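This is what each chain is made of:
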Amino acid sequence: QVQLVESGGGLVQAGGSLRLSCAPSRRTFSRYAMGWFRQAPGKEREFVAAIGWDSSRSSYSDSVKGRFTISRDNAKNTLYLEMSSLNSEDTAVYYCAAAVVAGPSQSAPEYDYWGQGTQVTVSS
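Everything quoted here is computed from the prediction, not taken from an experiment.

Chemist: Report on empty space enclosed by the protein, specifying residues and quantitative values.
Modeler: Going through the model one piece at a time under the given rule, you end up with 1 cavity of 30 Å³ or more. Size it by volume and the largest cavity reaches roughly 40 Å³. Along its surface, the largest cavity is lined by C22, P24, F29, S30, M34, R72, D73, N74, N77, T78 and L79. When contributions to the lining of the largest cavity are tallied by element, the ones reaching two or more residues are β3 (18-25), β7 (68-73) and β8 (78-83). Of the residues belonging to the lining of the largest cavity, the class tally is 5 nonpolar, 4 polar and 2 charged.

Chemist: Hey, could you go over the sheet that holds β3 for me, with residue numbers and the actual values?
Modeler: Ordered by their spatial adjacency, 4 strands build an open sheet running β1-β3-β8-β7, and the pairing between neighbours is antiparallel. A single partner strand is all that each edge strand has here, and the edge strands are β1 (3-7) and β7. With direction set aside, neighbouring strand axes in the sheet form an average angle of 15°.

Chemist: Break down the pairing of β3 for me, citing the residues and quoting the values.
Modeler: The sheet contact formed by β1 and β3 spans 5 bridges and is antiparallel. In the sheet register, E6 faces β3, and the bridge partner there is C22. Sheet topology places β3 next to β8; 5 bridges connect them, and they run antiparallel. Note that in β8 the partner of S21 across the bridge is Y80.

Chemist: Please set out the layout of surface pockets residue by residue, giving values where relevant.
Modeler: As a volume, the largest pocket reaches approximately 160 Å³. The wall of the largest pocket is formed by R38, A40, P41, K43, E44, E46, S88, E89 and T91. When its residues are assigned to classes, the lining of the largest pocket shows 2 nonpolar, 2 polar and 5 charged.

Chemist: Before we move on, could you go through the pattern of salt bridges and cite the residues and values that matter?
Modeler: For the structure on display, the rule yields 5 salt bridges. Between R19 and E82 there is a salt bridge, with the nearest N and O atoms lying 3.9 Å from each other. Of the two residues, R19 sits in strand β3 while E82 sits in strand β8, which places them 63 residues apart along the sequence. Assessed through its relative accessible area of 45%, R19 is described here as partly exposed. Ionic pairing is found between R67 and D90, a salt bridge with its closest N-O pair at 2.8 Å.

Chemist: Talk me through the state of the cysteines; I want residue IDs and the actual numbers.
Modeler: Overall, the coordinates contain 1 disulfide when judged by the stated rule. Covalently, C22 is tied to C96 through a disulfide, its sulfur atoms 1.9 Å apart. One disulfide, between C22 and C96, carries an S-S torsion of 50° and so falls in the right-handed class. Of this pair, C22 sits in strand β3 while C96 sits in strand β9 (residues 92-99), placing them 74 residues apart in sequence.

Chemist: So what's going on with the packing of aromatic side chains? Which residues, and what values?
Modeler: Taken as a whole and judged by the stated rule, the model has 5 aromatic pairs. With centroids separated by 5.1 Å and ring planes inclined at 55°, the aromatic side chains of F37 and W114 adopt a geometry described as tilted. Taken together, the residues span a long stretch of sequence, with F37 in strand β4 (residues 33-39) and W114 in strand β10 (residues 113-114) at a distance of 77 residues. Look at F37 and you get buried, because its relative accessible area is 2%. A network of ring pairs unites the aromatic residues F37, F47, Y111 and W114 as a single cluster. Sitting over the face of the ring of W114, R45 holds its NZ or CZ atom 4.4 Å from the ring centroid.

Basis of the calculations
- Residues numbered from 1 in each chain as written.
- Predicted model: local features only at pLDDT ≥ 70, side-chain atom pairs only at ≥ 80, totals over all residues.
- Heavy atoms only, no water.
- 1 Å grid on protein atoms, 1.4 Å probe; cavity = no way out; pocket = protein on both sides within 12 Å on 5 of 7 lines; lining within 4 Å.
- Points joined across faces, edges and corners; volume = space filled by probe spheres on them.
- Helix = DSSP H or I, 4+ residues; strand = E, 2+ residues; numbered from the N terminus.
- Nonpolar A, V, L, I, M, F, W, Y, C, P; charged D, E, K, R; others polar.
- Pairing = 2+ DSSP bridges.
- Axes fitted to C-alpha atoms, helices over the stretch in contact; angles between N-to-C directions.
- Salt bridge = Lys/Arg side-chain N within 4 Å of Asp/Glu carboxyl O.
- Buried < 20%, exposed > 50% of the residue type's maximum accessible area, 1.4 Å probe, protein only.
- Disulfide = S-S within 2.5 Å.
- Phe/Tyr/Trp six-rings, centres within 6.5 Å; stacked < 30°, edge-to-face > 60°.
- Lys NZ or Arg CZ within 6 Å of the ring centre and 35° of its normal.

Structural data, given as structure tokens:
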């Protein structure tokens, strides 16, 4: 069974930083676009960031531009999300996903594989 496993979530104070990682099992995603989505309590899932299969293109939601950075290391088969200047609005479960397309996508239906999520909680 194809799996994506997120890690790195936790509790952080407002203004702090955190790095999330996503690693697959039983498959390589070097030729897939990959992305991060998040879902806060009582809210719909929203797009956060995405990156193309060769890292030549990336995309961010307006709410995280300038604060979050998406990257990937295909040699390690790992996806990252560097988060800084965190605030309470960033509190959510964060999910990584993989799409069988070359370029980044902001649309959840484009993604074929999903992780189980990792909780990020930002305290005041």
